[in-house]
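Structural overview
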Amino acid sequence: MMAEKIELTRSDRMSVAWRSQFLQGSWNYERMQNVGWAYALIPAIKKLYTTKEDRTAALKRHLEFFNTHPYVASPIIGVTLALEEERANGAPIDDTAIQGVKIGMMGPLAGIGDPVFWFTVRPILGALGASLALGGNILGPILFFVLWNVIRMSFIWYTQEFGYKAGSAITQDLSGGLLKDITKGASILGMFILAVLVERWVSIKFAVELPAKKLAEGAYIKFPNGAVSGGKLQEILSQQASGLSLTKMAPNTLQGNLDSLIPGLMGLLLTFLAMWLLKKKVSPIVMIIGIFIFGILMRVLHIM
Amino acid sequence: MSIIAMILVVIIAFFAGMEGILDEFQIHQPLVSATLIGLVTGHLTAGIVLGGSLQMIALGWANIGAAVAPDIALASVASAIIMVKGNNFSTSGIGVAVASAIPLAVAGLFLTMIVRTISVGLTHGADAAAKEGKYQTIERLHLVGILLQGLRIAIPAALLIAVPASAVQNALGAMPDWLTGGMTIGGGMVVAVGYALVINMMATREVWPFFAIGFALAAVSQLTLIALGAIGVALALIYLNLSKMGGNGGGGSNGGGSGDPVGDILNQY
């Protein structure tokens, strides 16, 4: 009897894609995402293998160590589905081949997923939402939630389909131009937006007053000592409108002087300091606590 | 807080806990969870503002490989509860709630590690089930894992709700002005750490000029974040196209000696 070719339908693949969203659910220190990975593939395993021996073997091989960025697991799942399908139809694909594809893809893909999703898309959408939210605008959280999930869901579905259709050929494509462009484009946009965030949202304001500056002749309004006539008053008002100071002395603050260099300079320096400390392996949490203590100190000393 | 609000807050906490590990829908991000808690307790605007403030701090927090980031799920849920119970929705009230989130985020780390260790047991259960071909057992074990992650936040949230509101208010009221003021100052600066994390991850010699352009343009306060985003996208597209026109020699990977961030990440896997 000729066996019919068993194929995974679109709805099988959708069911796998849906379950892949729970990939990290039982994340553990031994084999990390392994149970979640098996959980995602179960609909396909059930469809492809009917005997108990085959199912047992399939479950075992998909409970091996696995860990990558949760969204870029989707193209790997796609490729695995293609390989399992061929295997179920009699192609000589052994366990090592399947495990090899999984391990071979998870490293490089995580190297793309982490910077693109965690360090570009989420900070940008988060900052967009948060800057609206700080004004109490409900659109902030809604925009963040909707945009993020549209991007994420389309990504996991289309890359899984891409992996499924490309099969093992995808492994060669990984070093190809498109993914490189995406990563580079994302890091350009990310660096640009980060600079904007540093400038706009790291807030350091000195409360220190410096000795007042004496203004040059002509930079302030000279008030006559006696009574003021209508014409003189008009002159004084127009001088004020054109921006002349009312007093001889201009108030002078440390913050004002810093801002005249470029606003946000101290925030930039603090960010650079934090980057340097991170490179020296200082824990971010230690830094955060340190900054709070520093803030309290500055407040007590009336410097900020 | 009414009984219904309390139950809803615990449910939100449960979802935030599950999402804290799944990292898919982003319900655990402060922008979403603090807003939801604000919504069900009747303090929507304060919840949104708290969520926005915490989100700014947590922008660069991410679970990379086996490393666990500070627990933003516990931090945002608990600080939202503290804000609601403290009954102070002014800038300083929100500032104190933000500051209280930091130690909570650290405490949450240990809870995460405990659950991730317990889940090792689930893996061995799944191994046994696989030998028998029992896929339903594997599915159930996986769901237990997710459930545990939900409880990781729901239980502390319920405990915090059980503390009488007056106790929370007294504790917050007992804080002197220099402490709350200082925390607000610290809160303004602390976001730099999150940005530094992200910058260290992305920076190469090639992309630093874009940082400079961004910083200079951001000083023009008339440009909104959306306008700046449009400029950033345009710059990235222009750069990619131009570097291709320059032929293979020029545009390639000349990140140079400044270190390859992608390579560093790969080493962790």
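Predicted model, so just to flag it, every value in this text is computed and none were measured. (Residues numbered from 1 in each chain as written. Chains lettered and ligands numbered in written order. Predicted model: local features only at pLDDT ≥ 70, side-chain atom pairs only at ≥ 80, totals over all residues. Heavy atoms only, no water.)

**Some thoughts on the overall build of chain B**
Across its full length, chain B holds 12 helices and 0 strands. Put simply, chain B runs from its N terminus to its C terminus through helices and strands in the order α-α-α-α-α-α-α-α-α-α-α-α. Residues classed as buried in chain B amount to 54% of the 269 residues present. For chain B, restricting intrachain contacts to residue pairs at least 6 apart in sequence, the fraction spanning at least 24 positions comes to 74%. Carbon and sulfur atoms form 70% of the exposed surface of chain B, whose accessible area is close to 10,800 Å². (Helix = DSSP H or I, 4+ residues; strand = E, 2+ residues; numbered from the N terminus. Buried < 20%, exposed > 50% of the residue type's maximum accessible area, 1.4 Å probe, protein only. Contact = heavy atoms within 4.5 Å. Areas by Shrake-Rupley, 256 points an atom, 1.4 Å probe, with all protein chains shown as cover.)

**Points about empty space enclosed by the protein**
All names here are of chain B. A full pass over the atoms with the stated rule returns 4 cavities of 30 Å³ or more. Reported here for the largest cavity is a volume of approximately 150 Å³. Around the largest cavity, the lining is made up of 18 residues, and of these Gly-20, His-28, Asn-63, Pro-70 and Ile-72 lie nearest the centre. Elements supplying a minimum of two residues to the lining of the largest cavity: helix 1 (3-22), helix 4 (72-86) and helix 5 (91-132). Of the residues that constitute the lining of the largest cavity, the class distribution is 8 nonpolar, 5 polar and 5 charged. (1 Å grid on protein atoms, 1.4 Å probe; cavity = no way out; pocket = protein on both sides within 12 Å on 5 of 7 lines; lining within 4 Å. Points joined across faces, edges and corners; volume = space filled by probe spheres on them. Nonpolar A, V, L, I, M, F, W, Y, C, P; charged D, E, K, R; others polar.)

**Some details on the UniProt feature "transmembrane region" (unreviewed entry) in chain B**
As annotated by UniProt and renumbered to match this structure, "transmembrane region" (unreviewed entry) occupies residues 30-51, 58-82, 94-115, 141-166, 178-198 and 210-240 of chain B. From the first C-alpha to the last, residues 30-51 of chain B spans 5 Å; its make-up is 91% helix and 0% strand. (UniProt positions renumbered as here; feature names shortened; annotations may be inferred.)

**Quick look at the confidence of the model for chain B**
Residues and elements named next belong to chain B. In the predicted model, chain B carries a mean pLDDT of 85, and 90% of its residues have values of at least 70. In the model of chain B, helix 11 (residues 247-251) stands out as the element of lowest mean pLDDT, 46, in contrast to helix 2 (residues 30-41), which has the highest, 95. Ignoring residues within four places in sequence, the model shows residues 249-258, a span with pLDDT below 50, making 10 contacts including any to other chains. Here the predicted complex scores 0.78 on pTM and 0.79 on ipTM. (pLDDT = per-residue confidence, 0-100.)

**Some thoughts on the interface of chain A and chain B**
Across the contact, 107 residues belong to chain A and 114 residues belong to chain B. In total, about 9,800 Å² of surface goes out of reach between chain A and chain B, with carbon and sulfur atoms giving 76% of it. Broken down residue by residue, the surface that chain A buries against chain B is led by A:Phe119, A:Met191 and A:Phe192, which jointly contribute 8%. Of all the secondary structure elements, the ones that give two or more residues to the side of chain A that touches chain B are helix 1 (10-19), helix 2 (34-48), helix 3 (52-61), helix 5 (95-133), helix 6 (139-166), helix 8 (177-201), helix 11 (265-279) and helix 12 (284-300) of chain A. Take the side of chain A that touches chain B: its biggest share by element is 19 residues, from helix 8 of chain A. Split by residue class, the side of chain A that touches chain B holds 63 nonpolar, 28 polar and 16 charged. (Buried area = accessible area lost by both parts, 1.4 Å probe.)

**Some details on helix 9 (residues 208-218) of chain B**
Those residues of helix 9 of chain B lying buried are B:Phe210, B:Phe211, B:Gly214, B:Phe215 and B:Ala218. Viewed along the axis of helix 9 of chain B, the buried residues span an arc of 140°, placing them on a single side of the element. (Arc of directions from axis to C-beta.)

**Concerning the pairing of strand 2 (residues 249-253) of chain A**
Residues and elements named next belong to chain A. Side chains Ala-250 and Asn-252 of strand 2 all project onto a buried face; the interleaved residues Met-249, Pro-251 and Thr-253 project onto a face where none is buried. As paired strands, strand 1 (residues 209-214) and strand 2 are joined by 4 bridges and run antiparallel to one another. Paired with Lys-213 across the bridge in strand 2 is Ala-250. (Pairing = 2+ DSSP bridges.)

**Structural notes on the nonpolar core**
Ranked by internal contacts, the top residues of the largest apolar core, which has 146 residues, are B:Leu50, B:Ile138 and B:Tyr195. Counting residues per element, this core draws most heavily on helix 5 of chain A, at 16 residues. Beyond its immediate sequence surroundings of up to four residues, B:Tyr195 is in contact with A:Leu194, A:Leu197, A:Val198, A:Trp201, A:Val202, A:Thr271, B:Met56 and B:Leu59. With 8 residues, the next largest nonpolar core counts A:Trp27, A:Met32, A:Tyr39 and B:Ile21 among its residues. (Core = buried A, V, L, I, M, F, W, Y, C linked by side-chain atoms within 4.5 Å.)

**Here's the deal with the side chain of B:Ser79**
Residues and elements named next belong to chain B. Mapped onto the secondary structure, Ser-79 falls in helix 4. Of note is the side chain of Ser-79, whose polar atom sits 3.0 Å from the backbone oxygen of Ala-75. Filtering out sequence-adjacent residues up to four positions away, Ser-79 remains in contact with Leu-50, Leu-54, Leu-74, Ala-97, Ser-100, Ala-101 and Leu-104. (Polar contact = N/O pair within 3.5 Å; in protein donor to acceptor, adjacent residues only side chain to side chain.)

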